[in-house]
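# Notes for the structure review
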Amino acid sequence: MVGALEFTPAIPLLPLASFFVALLVGYFAPRLLPKGGAIPGIVATAGSLVMSVLAFFAVSQGDYYAETLYTWVVGQGTFSLHFGVLVDPLSAMMLVIVSLVAFLVHVFSLGYMNDEGETGLPRYYAGLGLFTFSMLSFVVADNLLMAFMFFELVGLCSFLLIGFHFREPGPPSAAKKAFLVTRFGDYFFLIGVVAVFATFGTARFVATGEGAESFPHLAEQTLAAVGGEGAVPEQVAGFLDVVGMSARDWFSVVGLLILGGVIGKSAQFPLHTWLPDAMEGPTPVSALIHAATMVAAGVYLVARMYGFYAMLPTVLAIIALVGGFTALFAATMGVVKDELKQVLAYSTISQYGYMMLGLGTGGYIAATFHLMTHAFFKALLFLGAGSVIIAMHHNENMWDMGGLKEKMPVTYYTFLSGSLALAGIVPFAGFWSKDEILYEALIYGAGESPILLAAYAMGLLAVFFTGFYTFRMVFLTFHGDSRTETAENPHGVGWNVKFPLVVLGILAATVGLVNMTPVAKLTGAHIEFLKDWLVGTEGTAFSALGYEHYHHLLVDFAGYGAADIGPLVPAAISLALALGGAGLAWVLYNVDEPTEHTEKLGGAKTVLYNNYYQDEYQVWLANGVTRPLARAADTFDQGVIDGVVNAVSSVSLFSGSRIKRVQDGVVTHYAAMLTLGLVALLVVFGVAGGWF
Amino acid sequence: MVPMEYYLLLSAAVFSIGVFGVLTRRSALMFLMSVELMLNAAGVNLVAFSWFYGNLTGQAFTLFVMALAAAEVAVGLGIILTLYRNFDDIDVTNATTMRW
C-alpha cells in the first residue's frame, strides 16, 4: 500500500483538470463538452474519491505521508516557503468526506442544473471543480501559509458560485457580502500567519525531514521551558524579546488572530451573517460549500493545528464560548424562518457552533466526529431541499408546501434520516457526535474549567431548539395537506437526484455508529473506531498529531481535568431535550392545516425574524462608524498629507515659473551668462586659491 | 627671442576681442568671426607653451584645432544660411523662438 500515498497530490489536481476542461472547452468549443462540463467533473471527483479511499486505507495501515513538493521561495539564512502534502488520519478522513460530497453534488447537479435547463453550465462546473481542488489542497496542506492560500481560494470559489445567477439582483449582492465578511476574518488570519512565521520561523504543522521543525512543537518547547523544563528555542526567545510579552500571552494573541479567519469561514458569531445570504447560490452549491465542506474549513483548521491551541486555555475558552453561543443564537433564529434553505442555513451555523464548542472544551475527537457526521447529514438535507425545490418549481417557502410525503417518498425518507441526525435522535449520526461534544464539555467544565459549563449550558439549550426547528421544517414541508397547486402536482425528480440522496441518507443513519462512546463506556466493548483512528502513533514525528498528544497538552498546559460523570445521564438529558423539541413541533405543526404559531412569540418573533438585527447592526457599523472614520481619514489625507506635498511642489513650481524667464532665446544673453559665469568662477578660484 | 609673456598677452588680447565681439554684435557672421578669434587665441597659447616646454604635442594639437575650426565654419555657415531662410535676416536677437 506504500504506493497509494505517492499519488496524493493527484487527488486535488484531478478536479483542477476538470476546472480547466470545463473552462477552456466550454469557452472555445461548447459543443464538445458533454452535459456542460458535468461529465469531466464527475469523472474527476470520482477519481479523487477512489484515490482518497485508497489513501484512507493506506493510512489505516499506519502509513503516513508528508512530503515537500515545491519550495517557491528559498530562504537565504531564514525560512523558506513551500507547498507540501500531509496525509495523516485527520486529513485522510477529511479527504474522503470532501471528495465524496463533491462527487455526489456533481451527480446531483445533473438533476438540479442540467435538467432544469440552466445556462452557463461550464462556468458552474468550472467553479465546482476549482472549489473541489482548493478544498482538497487545503485539507492536505502541510503548512499554515499553504492552508491560508487555499483558504482564500475556497472563499473566492464561494463568491463565484453564490453569484452564479449574476443577472438577478440578490445573488451578486450576497456573493459580495460573503466575500467581504469572510475576508474580514481572513485579514486577521493573514496577520496570524505572519506572526507564526516571525515567532517560530516555520509554519509547518508537523516536523518531518532533515532539520525541520513544526510550530506547535516549538510552542510546546517554549511553554515547557517557561514551566522550568528545557530551554526556549533560540528563534522564539529572540522574537519574544522583541514583542515584550510572555510566551503564553503572545501565543494566545497569535491563536486568536488565526481564530479570526476560522470565525469568518465557519460562520461563527459575529461573522455569521454571510451564510444565510449565501443561500442565494444554487442549492447543490449550498450543499457542497455552505454546509459540508468550505464552512468546515475553519473548524478543520483549528483541528489541524490543535497541538497549538490545546496549550492555550484562554483561547480554548473563547472558542468554546463563541461556539456555544453561536449554537444557541443561530438555533433560535432557525425557529421562525419560512424558507426551507434559510432554516438549513441557520442550522448549519448552529452545528458549526457545536464543533467549535467541542474543540474549545477539549473534545477533539467529538468535534472531528461531528465534522464528519454533519458533512453527511447536512449535505443530505441540502440536497433533499434541492429535490423539494425542483419539485416545487423553485419556490422555497415552506408555507406553500405540505403533503409532499406521498408524492416524493425517496426524498421524504432520506430527508427524514437527515433530520433525525440533525436533531440528534438516537441512533442517527448526529446524536452520537453532538452528545459526545456536550458530554466532553460537561466533564471538563465540571472538572477543572468551570467557564466551560456556561458554553455547555448554551449548547444544551440549543439542542431543544434544534429538535424544534428541524421537525417544524419536516412537518411543514412533507406532512399535512398540500397548500398550493404546485404542491399538489410536484415536478418529478430523476435518478441523478435520488442516487446522492440515498447514499447520504444511509450514511446519515449509520455513520454515527463508528464512535458510540456512551455504549463503549457502559458495555466496555471496544467500538470507538474513530477514537482509535485519531489517537495517533507512537515514536514518530506524526505522534504530535494524535489525540494522545493533544490530551496530554490539554492536561499539562491548559489545566484541563475531567470530572467523573457517567455518560448515561447527560446523554439522556440531551436526547430528552431533542425529543421535547421535536415533540413540540409535532404538536404544533403535524396537523392538516398548520398555522403560524410563531406569532405568539410577539416582539421576540420580530427580533428573531430580523436575525437579532445583526445585519442592520453591521450595516450601521459600516455606515455609522467606518464611513465617518474613512471620511475623516480622507480629509486628513487630502488636507494635511496632500497639503504638505502640494506646498512643497508649489515652491518648485513658483520658482520654476520665475527662473525660466532666463531662457529668453536671445543667443547673446546666453553668451553673456556663460562669460559672466566663467569670470565668477575664476574670481572664486582666485580668492580660494590665494592668487591675489 | 620673444619672451613668453608677449605671446600670452597677445593671446589674451585676441581672446578678449573675440568675447567682446560675441557679446556686442548682432550679426551672426560677426559672431562666427569672433568665435574664430577665440579659437585662434587658444591656438596661439598652445603653440607658445609647446615651444616653451620643448614639447611638440601642443603644436600637433593646434593643427587639429585648425582643422576643427574649418569644420566649424562649414557648420556655422550652414546654420547662418538656415537662419537667414527662416527669419529673412541674420540678426541673432531676432531668432528667439526657442525660449520658454
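No experiment lies behind these values; they were computed from the predicted model shown.

Cut-offs and rules
Residues numbered from 1 in each chain as written. Chains lettered and ligands numbered in written order. Predicted model: local features only at pLDDT ≥ 70, side-chain atom pairs only at ≥ 80, totals over all residues. Heavy atoms only, no water. Helix = DSSP H or I, 4+ residues; strand = E, 2+ residues; numbered from the N terminus. Contact = heavy atoms within 4.5 Å. Areas by Shrake-Rupley, 256 points an atom, 1.4 Å probe, with all protein chains shown as cover. Lys, Arg positive; Asp, Glu negative; His and termini not counted. Charge placed at Lys NZ, Arg CZ, Asp CG, Glu CD. Buried < 20%, exposed > 50% of the residue type's maximum accessible area, 1.4 Å probe, protein only. Core = buried A, V, L, I, M, F, W, Y, C linked by side-chain atoms within 4.5 Å. Buried area = accessible area lost by both parts, 1.4 Å probe. Polar contact = N/O pair within 3.5 Å; in protein donor to acceptor, adjacent residues only side chain to side chain. Nonpolar A, V, L, I, M, F, W, Y, C, P; charged D, E, K, R; others polar. pLDDT = per-residue confidence, 0-100. Expected span 1.5 Å × (residues − 1). Arc of directions from axis to C-beta. Salt bridge = Lys/Arg side-chain N within 4 Å of Asp/Glu carboxyl O. Phe/Tyr/Trp six-rings, centres within 6.5 Å; stacked < 30°, edge-to-face > 60°. Lys NZ or Arg CZ within 6 Å of the ring centre and 35° of its normal.

### Comments concerning the overall build of chain A
A tally of regular secondary structure across chain A gives 30 helices and two strands. Considering only C-alpha atoms, chain A reaches an extent of 120 × 65 × 55 Å along its principal axes. Across chain A, contacts joining residues at least 24 apart in sequence account for 78% of those joining residues at least 6 apart. On chain A, roughly 26800 Å² of surface is accessible, and the fraction owed to carbon and sulfur atoms is 67%. If you average the places of the 29 positive and of the 48 negative side-chain charges in chain A, the two averages end up 11 Å apart.

### A closer look at the environment of serine 173 of chain A
Residue and element names in this part refer to chain A. With respect to the element layout, serine 173 can be found in helix α7 (residues 170-200). Look at serine 173 and you get partly exposed, because its relative accessible area is 44%. In this structure the C-alpha to C-alpha distance between serine 173 and glycine 163, which are ten residues apart in sequence, comes to 7.8 Å.

### With respect to the nonpolar core
By size, the foremost hydrophobic cluster in this structure holds 232 residues, and its most contacted members are Leu144, Phe251, Tyr306, Tyr309 and Tyr364 of chain A. Not counting chain neighbours up to four residues away, the residues in contact with tyrosine 309 of chain A comprise Gly255, Ile258, Leu259, Val302, Val315, Leu316 and Ile319 of chain A. Residues Val22, Met38, Val92 and Ala95 of chain B belong to the second largest nonpolar core, which totals eleven residues.

### Some points on the interface of chain A and chain B
The interface is formed by twelve residues belonging to chain A together with twelve residues belonging to chain B. When chain A packs against chain B, the two sides together hide about 950 Å² of surface, and 69% of this comes from carbon and sulfur. Run the count over chain A and chain B and you get zero residue pairs in polar contact (both at pLDDT 80 or more). For the side of chain A that touches chain B, the per-class residue count stands at five nonpolar, four polar and three charged.

### A look at the confidence of the model for chain A
On average, residues of chain A score 86 in pLDDT, and 98% of them reach the 70 mark or higher. Within chain A, the lowest mean pLDDT, 68, falls on helix α1 (residues 2-6) of chain A, and the highest, 91, falls on helix α30 (residues 667-689) of chain A.

### Some remarks on helix α13 (residues 294-304) of chain A
A large share of α13 of chain A lies buried, amounting to eleven of its eleven residues. Among the residues of α13 of chain A, those classed as buried are Met294, Val295, Ala296, Ala297, Gly298, Val299, Tyr300, Leu301, Val302, Ala303 and Arg304 of chain A.

### Some points on helix α2 (residues 10-28) of chain A
Residues and elements named next belong to chain A. In a regular helix each residue adds 1.5 Å, so 19 residues correspond to 27 Å; α2 covers 26 Å between its end C-alpha atoms and thus fits that length. Taken residue by residue, α2 has Ile11, Pro12, Pro15, Leu16, Ser18, Phe19, Ala22 and Gly26 as its buried positions. Looking straight down α2, one finds that the buried residues subtend no more than 155° of arc, so they occupy a single side. Elements in contact with the buried residues of α2: α3 (38-60), α4 (89-114) and α5 (121-140).

### Overview of the environment of glycine 127 of chain A
All names here are of chain A. Considering the arrangement of structural elements, one finds glycine 127 in helix α5. Along the chain, glycine 127 and valine 463 lie 336 residues apart, while their C-alpha atoms are 35 Å from each other. Setting aside residues up to four positions removed in sequence, glycine 127 forms contacts with Cys157 and Leu161.

### Topic: the pattern of salt bridges
Residues and elements named next belong to chain A. Per the stated rule, a full pass over the model turns up seven salt bridges over all chains. The closest approach of N and O atoms between arginine 304 and aspartate 88, which form a salt bridge, is 2.7 Å. With arginine 304 in helix α13 and aspartate 88 in the loop between β2 (81-87) and α4, this pair connects stretches of sequence that are 216 residues apart. Each member of the pair arginine 304 and aspartate 88 is classed as buried. With a closest N to O distance of 3.5 Å, lysine 265 and aspartate 186 form a salt bridge. Note that lysine 265 is positioned in helix α10 (residues 247-265) and aspartate 186 in helix α7, a separation of 79 residues in sequence. The two residues lysine 265 and aspartate 186 agree in class, both being buried.

### Some points on the packing of aromatic side chains
Residue and element names in this part refer to chain A. With the rule as written, the count across this model stands at 46 aromatic pairs over all chains. On the basis of an interplanar angle of 80° and a centroid distance of 5.7 Å, the ring pair of phenylalanine 475 and tryptophan 586 is categorised as edge-to-face. Here the residue phenylalanine 475 occupies a position in helix α21 (residues 451-478), and tryptophan 586 occupies one in helix α27 (residues 568-589), the gap between them amounting to 111 residues. Put simply, the rings of Phe200, Phe205, Phe215, Phe251, Phe308 and Tyr309 touch in pairs and so form one group of aromatic residues. Above the ring of phenylalanine 151, the side-chain terminus of lysine 265 is found at 4.7 Å from the ring centroid.

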